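Okay, here's what each chain looks like letter by letter:
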Amino acid sequence: MVNIKNINNNYIDRRSFLKAGALGTFGLAAAAVIGCGDDDSSSSSPASSSTPQAAKATHLTFGKGSLGETMNPNLASRRSVEWAACYENVCTTYQGPDGPYLKPYLATSWEVDPKDSSWVFNLRDSEWSDGKKVTADDVGFTIQYAANPDNKSRLISRVNTFESYEVIDEKTVRFRTKKPDATWANRMSLAFIQPRHIYEDATKGPNEQAVRPVGSGPYLITNYVKDALIEGVESPSSWKGNVGIKSWKMNVIKEHTTRVAAFETGEVDWIDTVPLQEVERVKGMPGVQVQSSTPYGTAGYHLSGWQSEGIPTNDVRVRKAYNLATDIDALGKEIYSGFFASAKGQPTVTDVLGHEPNISDYGFDPDAARQLMKDAGMPNGFKQKYDTHSLNSEAVPMATAVAGFLDENIGVKSELATIDISTWRDGLYGRAPRTPIFANTWHSTSMFDAGFCFTWYLSDNAAKYYGNPEFDKNYADSLTVFDPAARAEVYKKNVKLLHDDVVGLFVVDTSRFMAWRPEIIPSYEIREDPQLILHETVLA
């Protein structure tokens, strides 16, 4: 795919060995010289203006609709705003004018050793906020910790090819994977490097990191109140520096109308996830800009077919009937206000390597759905439990509408429940049983590589979303293919398997609307994961 070229070809040569050099550190500030004239008192130059210059803003208060529940990055798989402020990744994904690419952060370069397909990362000088040096051992330890099932890290599936690491010297680390892994640098972009000395300190450990974190990122966390607020100030030791934000406050405002109200009254100057029904009203507020990100994932529902015995949705005909009975175009128009396109019957969006453009949605055909239910021996439907979260303002209305379609068209009556985020995550990660239909968003753009979401569907995934040896083999084969175009073709085989086996009810390819005040943030760049990179954000 043309639009994925950079994230792979930046570091893959024509012999399929990967090497990434330093791309140059991101510009941290623009130099400016003001009033540099001759100081000779006899100069005939006009006197300088006595009008005082407005002081440049250095503090930002912003509102987030979720997150804020921990500062320990092993407890979720994401790149949240506060974690990106406090910690560092080895590298990270950016959206450029020619497509997504990997940008060096803690690493200055990386390469694949042609002898054994191991990966060698060269690190820059960096320092933990407690004054100790960041070492290659910290980097290796972070991945080893996440890969150890005893630690229950949410990153375990993201680094599931890890075998071992070797410290070559304090600034060079080698990673060996179980088999050659063409996506290892992408995987490394998901991990926030952690201080080994804190984790192994019996008086501190990962629990201390969750509330009083030691990081090497551009900011120090000065105040953390779970699910309420997080505050930070610039770190004097970070190599990244910042382009203007010296301090910040993140208000966690999970109730959607309350978050918009906080923005409207000026309590915060940036918010994420503007409720779709409020987008036009927020756009009409004076001095406000509203814009959506590019699609980052697919909103819909996992359909249980492999979780446990005795569930009607174990029958592929029933899972397909769910899709045929649900008018996703109507949902997109009514629930999502027509802002997002209907999903394409797969868990990957268009910009992701491995998206299959020849696959589309299942269509809306209630008669065909009823015939499938009859063929499956369930012509009158059945009763089911049905859980949804309320992470966004569309979640509950969409679940209610889907339940209505299933009842009206195939006689499936749902006991719909809205569950809290912790309970939802327990089901998501397989720590607790899920209902047969279970709310989800397939995030596929964190690596811009289909392998990111395929890990959920491996037979050994604890959540048991799928069980297909052919899928597992294709996934293993794809990791050995360093050429992006060739790897995409292997991925497409798995996309077809997921589509044909109907692992989900895919509704819309979703994005997120952000709102901000240009008089405060004059040049905000819309992005996802994280939505706001504080040290690269310029204030007026």
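Residues numbered from 1 in each chain as written. Predicted model: local features only at pLDDT ≥ 70, side-chain atom pairs only at ≥ 80, totals over all residues. Heavy atoms only, no water.

**Student:** Where do I start with the overall build of the protein chain in this structure?
**Tutor:** Helices and strands together make up the secondary structure of the protein chain, namely 16 helices and 19 strands. Residues counted as buried form 57% of the 540 residues belonging to the protein chain. In the protein chain, of all internal contacts separated by at least 6 residues, the share reaching a separation of at least 24 is 71%. For the protein chain, the accessible area works out to roughly 22600 Å², and carbon and sulfur atoms hold 50% of it. (Helix = DSSP H or I, 4+ residues; strand = E, 2+ residues; numbered from the N terminus. Buried < 20%, exposed > 50% of the residue type's maximum accessible area, 1.4 Å probe, protein only. Contact = heavy atoms within 4.5 Å. Areas by Shrake-Rupley, 256 points an atom, 1.4 Å probe, with all protein chains shown as cover.)

**Student:** I would appreciate a short explanation of the environment of Ser360 in the present structure.
**Tutor:** In this fold, Ser360 is placed in the loop between α10 (328-334) and α11 (366-375). Spatially, the C-alpha atom of Ser360 lies 7.8 Å from that of Ala343, the residues being 17 residues apart in sequence. Setting aside its immediate chain neighbours within four residues, Ser360 contacts Lys344, Gly345 and His499.

**Student:** Is there a simple way to explain the pairing of strand β2 (residues 59-64) in this structure?
**Tutor:** The two faces of the sheet receive side chains in turn, since in a regular strand these alternate between them. With five of six residues buried, β2 lies mostly within the body of the structure. Sheet topology places β2 next to strand β11 (residues 247-252); six bridges connect them, and they run parallel. Bridge assignment links Gly63 to a residue of β11, and that residue is Asn251. (Pairing = 2+ DSSP bridges.)

**Student:** What is the right way to read the sheet that holds strand β14 (residues 297-303) from this model?
**Tutor:** Where strands meet in a sheet, backbone hydrogen bonds hold them as pairs that are either parallel or antiparallel. Reading across from one edge, β16-β15-β17-β14-β18 is the order of the five strands in this open sheet, with mixed pairing throughout. Strands at the two margins of the open sheet, each flanked by one partner only, are β16 (413-418) and β18 (504-510). Strand-to-strand twist across the sheet, computed as the mean angle between neighbouring axes with direction ignored, equals 25°. Judged from the six bridges that link them, strand β15 (residues 383-388) and β16 form a sheet pairing that is parallel. For Gln384, the partnering residue across the bridge sits in β16 and is Ser414. In the packing of helix α12 (residues 395-410) onto the sheet, contacts are made with β14, β15, β16, β17 (437-443) and β18, and the angle to β15 comes to roughly 165°. Packing against the sheet, helix α13 (residues 421-428) makes contact with β14 and β17, and its axis sits at approximately 80° to β17. (Axes fitted to C-alpha atoms, helices over the stretch in contact; angles between N-to-C directions.)

**Student:** Can you help me understand the side chain of Thr435 in this one?
**Tutor:** With respect to the helices and strands, the residue Thr435 is situated in the loop between α13 and β17. A relative accessible area of 8% places Thr435 in the buried class. Side-chain polar atoms of Thr435 contact the backbone nitrogen of Asp387, separated by 3.1 Å. A distance of 2.8 Å separates a polar side-chain atom of Thr435 from the backbone oxygen of Ile437. Residues contacting Thr435, with those up to four places away along its chain left out, are Ser304, Lys385, Tyr386 and Asp387. (Polar contact = N/O pair within 3.5 Å; in protein donor to acceptor, adjacent residues only side chain to side chain.)

**Student:** Could you clarify how one ought to interpret α12 in this entry?
**Tutor:** Every α-helix carries 3.6 residues per turn, so stepping three or four residues along brings you back to the same face. End to end, α12 covers 22 Å across 16 residues, agreeing with the expected 22 Å (1.5 Å per residue, within 8%). Of the residues making up α12, those classed as buried are Ala395, Met398, Ala399, Val402, Ala403, Phe405, Leu406, Asn409 and Ile410. Across the axial projection of α12, the buried residues extend over an arc of 160°, all falling on one side. Directly beyond the C-terminal end of α12, a positive phi value near 75° is found at Gly411. (Expected span 1.5 Å × (residues − 1). Arc of directions from axis to C-beta.)

**Student:** Would you explain the nonpolar core in this entry?
**Tutor:** One recurring pattern in soluble globular proteins is that nonpolar side chains are buried together. Membership of the largest hydrophobic core comes to 80 residues, with the highest contact counts inside it found for Tyr301 and Tyr322. When near neighbours in sequence (up to four residues on either side) are disregarded, Tyr322 contacts Leu303, Thr313, Phe382, Gln384, Leu406, Ile410, Val412, Ile437 and Leu505. Listed in part, the 37 residues of the second largest apolar core include Ala107, Trp119, Phe121 and Leu155. (Core = buried A, V, L, I, M, F, W, Y, C linked by side-chain atoms within 4.5 Å.)

**Student:** Explain the environment of Lys320 to me, please; I cannot follow it from the model alone.
**Tutor:** Looking at the element boundaries, Lys320 is found in helix α9 (residues 316-324). Along the primary structure Lys320 and Asp501 are separated by 181 residues, whereas in three dimensions their C-alpha atoms are 8.4 Å apart. Not counting residues up to four positions away in its chain, the partners in contact with Lys320 are Tyr362, Leu372 and Val502.

**Student:** Sorry if this is basic, but what is going on with helix α16 (residues 484-500) here?
**Tutor:** The terminal C-alpha atoms of α16 lie 24 Å apart, and with 17 residues this matches the ideal 24 Å at 1.5 Å per residue to within 8%. All of the buried residues along α16 are Pro484, Arg487, Ala488, Val490, Tyr491, Lys492, Asn494, Val495, Leu497, Leu498 and His499. Immediately downstream of α16, the backbone of Val502 shows phi near 50°, a positive value.

**Student:** What's the story with the side chain of Ser153 in this structure? I'm lost.
**Tutor:** The topology assignment puts Ser153 in the loop between α3 (136-147) and β7 (162-169). Residues within four places of Ser153 in sequence aside, it is in contact with Asn74 and Ala146.

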